[in-house]
Amino acid sequence: MPLQCARCHALYYDCVKLSCGDRFCRFCIAPSQDCVLCGADIKVRESDKETQSLVDAYIEAHSNEHTVQEVDGKAVVKTDELPVSGASKKAAFFLQQGLRAFAGGNHPSALTRLSLCKEELLKNVAEGGYNTELCCQLGAVCGSQGDCCRYLGQPDAAASCYQESVRHLKESGETNLEVAHALSVSLNKLGDLQHWCGDLAAARTYYAEGLQVRRDAVGSAAAGDESLASLKLDLAVSLTKVADAEQALDKQDAAHKLFKEALELVVSIKDAMVEAPPASHAKWEQLHRLLGEATA
Ligand SMILES: [Zn+2]
Ligand SMILES: [Zn+2]
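Quantities reported herein were computed from a predicted structural model and do not represent experimental measurements.

**Examining the overall build of the protein**
Phase 1: When you go through the protein residue by residue, the secondary structure sums to 11 helices and five strands.
Phase 2: Expressed along its principal axes, the backbone C-alpha trace of the protein runs to roughly 65 × 45 × 35 Å.
Phase 3: Each of the 296 residues in the protein was classed as buried or not, and the buried ones make up 46%.
Phase 4: For the protein, the share of sequence-separated contacts (at least 6 apart) that also reach a separation of at least 24 residues comes to 57%.

**Regarding the environment of alanine 203**
Phase 1: Position of alanine 203 among the secondary structure elements: in helix α8 (residues 200–220).
Phase 2: Distance from alanine 203 to lysine 241, taken between C-alpha atoms, is 9.1 Å for residues 38 residues apart in sequence.
Phase 3: Setting aside residues up to four positions removed in sequence, alanine 203 forms contacts with Gly191, Gln194 and His195.

**Quick word on the coordination of the zinc ion (ligand 2)**
Phase 1: Those protein atoms acting as donors to the zinc ion (ligand 2) are Cys20 (SG), Asp22 (OD), Cys35 (SG) and Cys38 (SG), and they sit at 2.0 to 2.3 Å.
Phase 2: For the zinc ion (ligand 2), the four donor atoms are set out with angles of 101 to 114° between them, so the coordination reads as tetrahedral.

**Notes on the coordination of the zinc ion (ligand 1)**
Phase 1: Those donors, Cys5 (SG), Cys8 (SG), Cys25 (SG) and Cys28 (SG), are the protein atoms that reach the zinc ion (ligand 1), and they lie 2.3 to 2.4 Å from it.
Phase 2: Seen from the zinc ion (ligand 1), its four donor atoms lie at angles of 105 to 114°, and the figure they make is tetrahedral.

**Some details on unusual backbone geometry**
Phase 1: Look at aspartate 14: it is not a glycine, yet its phi comes out positive at around 55°.
Phase 2: Considering the arrangement of structural elements, one finds aspartate 14 in the segment before β1 (15–18).
Phase 3: Judged by relative accessible area, which is 35%, aspartate 14 ranks as partly exposed.
Phase 4: Its identity as a non-glycine residue notwithstanding, aspartate 250 has a phi of 65°, on the positive side.
Phase 5: Along the chain, aspartate 250 turns up in the loop between α9 (228–248) and α10 (252–268).

**Regarding the packing of α9 against α10**
Phase 1: At a minimum axis distance of 8 Å, the contact between α9 and α10 shows a crossing angle of 165°. With respect to each other, α9 and α10 are oriented roughly antiparallel. Between α9 and α10 the crossing geometry is left-handed. Along the contact surface, α9 presents Lys232, Leu235, Ala236, Leu239, Thr240, Val242, Ala243, Asp244, Glu246 and Gln247, while α10 presents Gln252, Ala254, Ala255, Leu258, Phe259, Glu261, Ala262, Leu265, Val266 and Ser268.
Phase 2: For the contact of α9 with α10, a count of residues per class yields 12 nonpolar, four polar and four charged.

**Considering the domain arrangement of the protein**
Phase 1: As assigned here, the protein comprises domain 1 (1–62), domain 2 (63–165) and domain 3 (175–296).
Phase 2: At the junction of the two partners, domain 1 supplies 17 residues and domain 2 supplies 18 residues.
Phase 3: Carbon and sulfur atoms supply 56% of the area buried between domain 1 and domain 2, which totals about 1300 Å² over both sides.
Phase 4: Contact with domain 2 buries area across many residues of domain 1, yet Tyr13, Phe27 and His62 alone supply 44% of it, more than any other trio.
Phase 5: On inspection of domain 1 and its partner domain 2, the count reaches one salt bridge.
Phase 6: In this structure, the salt-bridge partner of lysine 90 is glutamate 60, at a minimum N-O distance of 3.4 Å.
Phase 7: Counting across the interface, domain 1 meets domain 2 through three residue pairs in polar contact (both at pLDDT 80 or more).
Phase 8: The set of elements that each furnish at least two residues to the side of domain 1 that touches domain 2 consists of α1 (26–29) and α2 (49–62).
Phase 9: In terms of residue class, the side of domain 1 that touches domain 2 is made up of 12 nonpolar, three polar and two charged.

**What about α9?**
Phase 1: Helix length check: α9 (21 residues) gives 30 Å between terminal C-alpha atoms against 30 Å at 1.5 Å per residue, within 8%.
Phase 2: Aspartate 250 occupies a position one or two residues after α9 and carries a positive phi of about 65°.

**Details of the pairing of β1**
Phase 1: Bridge analysis of β1 against strand β2 (residues 23–25) gives three bridges, and the strand direction is antiparallel. Paired with lysine 17 across the two strands is arginine 23, which belongs to β2.
Phase 2: Counting the residues in the hairpin turn of β1 and β2 gives four residues, including glycine 21, whose phi is positive at 100°.
Phase 3: Of the strand pairs in this sheet, β1 and strand β3 (residues 45–47) are connected by three bridges, and their pairing is antiparallel.

**What to know about the environment of proline 2**
Phase 1: Relative to the elements of secondary structure, proline 2 occurs in the segment before β1.
Phase 2: Residue class for proline 2 comes out exposed when judged on its relative accessible area of 71%.
Phase 3: For proline 2 and arginine 23, which are 21 residues apart along the polypeptide, the C-alpha to C-alpha distance reads 9.7 Å.

What counts as what
Throughout, residues of each chain are indexed from 1 in the direction in which the sequence is written. Chains carry letters from A onward and ligands carry numbers from 1 onward, assigned in written order. In keeping with the model being predicted, local features are shown solely for residues with a pLDDT of at least 70 and side-chain atom pairs are shown and tallied solely at 80 or more, while totals for entire chains, interfaces and linings include all residues. Calculation of side-chain values draws on the structure's entire complement of heavy atoms; hydrogens and water are dropped beforehand. For the purposes of this entry, the term helix denotes a DSSP run of H or I that reaches at least four residues, the term strand denotes a run of E that reaches at least two, and both are numbered from the N terminus. Burial here depends on accessible area, computed with a 1.4 Å probe over protein chains only, as a share of the maximum for the residue type. Under 20% is buried, over 50% is exposed, and the range in between is partly exposed. When checking whether two residues touch, look at their non-hydrogen atoms; a contact exists if any pair is within 4.5 Å. Atoms are scored as donors when they are N, O or S and lie within 2.8 Å of the metal, with 3.2 Å used for Na, K and Ca; no water is included, so coordination may look incomplete. Every geometry call rests on angle ranges, with four donors termed tetrahedral when all angles are between 85 and 135 degrees, four termed square planar and six termed octahedral when opposite donors are over 155 degrees apart and all others are between 65 and 115, and everything else termed irregular. Lines are fitted to the C-alpha atoms to define the axes, a helix being fitted only along its stretch in contact, and any angle between axes, read from their N-to-C directions, falls within 0 to 180 degrees. Angular relationships are summarised with four words: roughly parallel below 35 degrees, roughly antiparallel beyond 145, roughly perpendicular across 65 to 115, and oblique for the angles in between. For any helix crossing, the convention is left-handed if the near helix is rotated counterclockwise from the far helix by under a right angle, and right-handed if that rotation is clockwise. Under the grouping applied here, Gly and all other residues not named as nonpolar or charged are polar, the nonpolar ones being Ala, Val, Leu, Ile, Met, Phe, Trp, Tyr, Cys and Pro and the charged ones Asp, Glu, Lys and Arg. Here the bounds of each domain stem from an automatic or database domain assignment. Here the quantity called buried area is the total loss of accessible area, with a 1.4 Å probe, experienced by two parts when brought into contact, counted for both. The salt bridge criterion pairs a side-chain nitrogen of Lys or Arg with a carboxyl oxygen of Asp or Glu, the two atoms within 4 Å. Polar contacts, as used here, are pairs of N or O atoms within 3.5 Å; protein pairs need one atom able to donate a hydrogen and one able to accept it. Residues neighboring in sequence count only if both atoms are side-chain atoms. One less than the number of residues in a helix, times 1.5 Å, gives the span that helix is expected to have. Should DSSP find at least two bridges between two strands, the strands are regarded as paired.

Pasting the structure below:
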């Protein structure tokens, strides 16, 4: 497609035209000395307002084609049409563009498109109030914005995005597993940020809140529930996160107790792992090995 950047594969964002005539997003070509398409030296990068306005017109015209969904704590676009109860199709289009830019490494572009997506979702909230679906979508979009900020080296902005994600997810008021999973993911990301910034006590608080959400999720799942093994695997991951923080805070007894609980949990789902997808299996084995070392 002519309006698509060859670098990030998303629609141009702040389009520039190089001396050779090729076009890119400004961010995408910023680190390069030569054009990545034709190899010519880059002498000039001039704003291409004309092409950018074509992109904006394209966005306006094509923003009614898809539906937003939340899968595994991440916002995704669904292309087969189902009745849309929460999100507008415009929100889904912006989300698709945002996720494409994100995958292509253009985080400023992704951030802008995701903001537009969020605006559309919030319009839905303003019109009809929160519902579980909207909470999940807003939680996932804000979470993806947080990921963008993290890549851009903006930990404070990332933290406020993850906090906003948590806020939307808590609006749901319903304790379904989808909400619980997304909520615990955002809480863990907040914990990771604090850990990275060196505030271990704050990290521990977020991890512990995420842990409680996952404990409740396991508690609420029925005994024969096929998702129980993966819920327990997530719970073990959360236990490990809190245990790591406790250990770093020099609370060895508390850490050991949590590591032990996590190991018991991981061992208890060994048989269920046979039928689990390969990714969970790899996660299980890695966790089993780590916990074996931690509790030895
Ligand atoms: Zn680009
Ligand atoms: Zn070129």
